[in-house]
Amino acid sequence: MGNYNSGGHNKTHGRVEEYCRIDSFSLLQYADWFECLSDYGEYHYPVMGGKIYYNLMEDTARISHNGREYPLGLSKVPNVDGMSYRLYFLCPKCQKRARHLYKKDGLYQCRKCARLNYGIQQRSGLSLIRRKMYWLVVKKLQYVDWEVDHPDLPIQDLWHIPKPRYMRWAKYDALMEEYRRLQEEYETMYKESLMKGLERIQKIFNKRAK
């Protein structure tokens, strides 16, 4: 089967985890704490390398960061009790509500406008299947020493997984059936990705031959 590290990544999007972000829910909590001490409507919310100045009465805010200022709109969404509310930013690019804004290209923007994905979204289908296998083998079948027993085999190529001592055979057989199904799914997907790669290579050779 395929190599353990095979699989592509989403090259058109960045990763959420790699960018500084601000959270409107934290902003509201920070404001509520200060409102208990003062009636003044504009407060300073710390942000990495700067501050956010906001006025909840006017639904406006601005970020002061490294000598520059970024205006922000705020949007209140009432809760079911009719008294409290949730606070969201308005993305400067698309003007849609967003709890988190990410600093990218010198601008705070929502995840969609910043073209960011979570790390899990950038893993290939093969990688996700391997993660499922790992969870099944290590957590459910409790085979924590599989890498010691089979140092030259990736997890998708295991041919024997011992039954845990106190596990019923019916449960063991069901888990093994699930593992074999994942093996077949992995092998099918690997072959498909391999064929696509060969087709791309063939197209490149055909273009060069013309």
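Residues numbered from 1 in each chain as written. Predicted model: local features only at pLDDT ≥ 70, side-chain atom pairs only at ≥ 80, totals over all residues. Heavy atoms only, no water.

**Student:** Sorry if this is basic, but what is going on with the overall build of the protein here?
**Tutor:** Within the protein one finds four helices and eleven strands. Expressed as a percentage of the 210 residues in the protein, the buried residues total 34%. Within the protein, residue pairs in contact and separated by at least 24 positions form 45% of the contacts whose partners lie at least 6 positions apart. Total accessible area on the protein is roughly 14,200 Å²; 52% of this is exposed by carbon and sulfur atoms. (Helix = DSSP H or I, 4+ residues; strand = E, 2+ residues; numbered from the N terminus. Buried < 20%, exposed > 50% of the residue type's maximum accessible area, 1.4 Å probe, protein only. Contact = heavy atoms within 4.5 Å. Areas by Shrake-Rupley, 256 points an atom, 1.4 Å probe, with all protein chains shown as cover.)

**Student:** Would you take a moment to explain the pattern of salt bridges for this structure?
**Tutor:** When their charged atoms lie close together, side chains carrying opposite charge are able to pair. Scanning all chains against the criterion turns up three salt bridges. For Arg99, the salt bridge is made with Asp23, and the minimal N-O distance between the two is 2.9 Å. Residue Arg99 is found in the loop between strand S8 (97–98) and strand S9 (100–104), and its partner Asp23 is found in strand S2 (residues 21–23); the two are separated by 76 residues along the sequence. The exposure class of Arg99 is partly exposed, given its relative accessible area of 34%. Here Glu185 makes a salt bridge to Arg181, at a shortest N to O gap of 3.5 Å. Of this pair, Glu185 and Arg181 both sit in helix H4 (residues 169–209), separated by four residues, roughly a single helical turn. (Salt bridge = Lys/Arg side-chain N within 4 Å of Asp/Glu carboxyl O.)

**Student:** Just to check I follow, could you spell out the state of the cysteines for this structure?
**Tutor:** Formally, a disulfide is one covalent bond, and it connects the sulfur atom of one cysteine to the sulfur atom of another. Evaluation of the coordinates by the stated rule reveals zero disulfides. Here Cys91 is not cross-linked by a disulfide; its sulfur's nearest cysteine counterpart is in Cys110, at 3.7 Å. Looking at Cys91, the relative accessible area reads 0%, which means it is buried. The structure places no disulfide on Cys94, whose sulfur is separated from the nearest cysteine sulfur, that of Cys113, by 3.7 Å. (Disulfide = S-S within 2.5 Å.)

**Student:** Is there a simple way to explain the side chain of Ser24 in this structure?
**Tutor:** Structurally, the position occupied by Ser24 is in helix H1 (residues 24–35). Of the residues examined, Ser24 reaches a relative accessible area of 0% and is grouped as buried. Here Leu87 takes part through its backbone oxygen, which lies 2.6 Å from a polar atom of the side chain of Ser24. With residues up to four places along the chain from it excluded, the contact list for Ser24 reads Leu87, Tyr88, Phe89, Ala98 and Arg99. (Polar contact = N/O pair within 3.5 Å; in protein donor to acceptor, adjacent residues only side chain to side chain.)

**Student:** Help me understand the sheet that holds S2 in this model?
**Tutor:** Consider a sheet: its strands pair through backbone hydrogen bonds, and that pairing is either parallel or antiparallel. In space, the three strands of this open sheet follow the order S2-S9-S10, with antiparallel pairing throughout. The outermost strands of the open sheet, each flanked by one partner alone, are S2 and strand S10 (107–109). Across the sheet, the mean angle separating the axes of adjacent strands is 25° when strand polarity is ignored. (Pairing = 2+ DSSP bridges. Axes fitted to C-alpha atoms, helices over the stretch in contact; angles between N-to-C directions.)

**Student:** Could you clarify how one ought to interpret the environment of Asn79 in this entry?
**Tutor:** Mapped onto the secondary structure, Asn79 falls in the loop between strand S6 (68–78) and strand S7 (85–90). At 2.7 Å, the side chain of Asn79 forms a polar contact with the side chain of Arg86.

**Student:** Whenever I open this one, a nonpolar patch on the surface confuses me. Can you help?
**Tutor:** Judged by side-chain polarity, Leu194, Met195, Leu198, Ile201 and Phe205 come together as a nonpolar surface patch covering roughly 490 Å² of accessible area. Relative to the assigned elements, Leu194 resides in helix H4. (Patch = residues over 30% accessible without salt bridge, like charges linked within 9 Å, V, L, I, M, F, W, Y side chains within 5 Å.)

**Student:** Help me understand the pairing of S6, please; the structure alone is not making it clear to me.
**Tutor:** By the bridge criterion, six bridges tie S6 to S7 in an arrangement that is antiparallel. Bridging across to S7, Gly73 finds its partner in Leu90. Hairpin connection from S6 to S7: six residues lie between these consecutive antiparallel strands, with Gly82 at a positive phi of about 75°.

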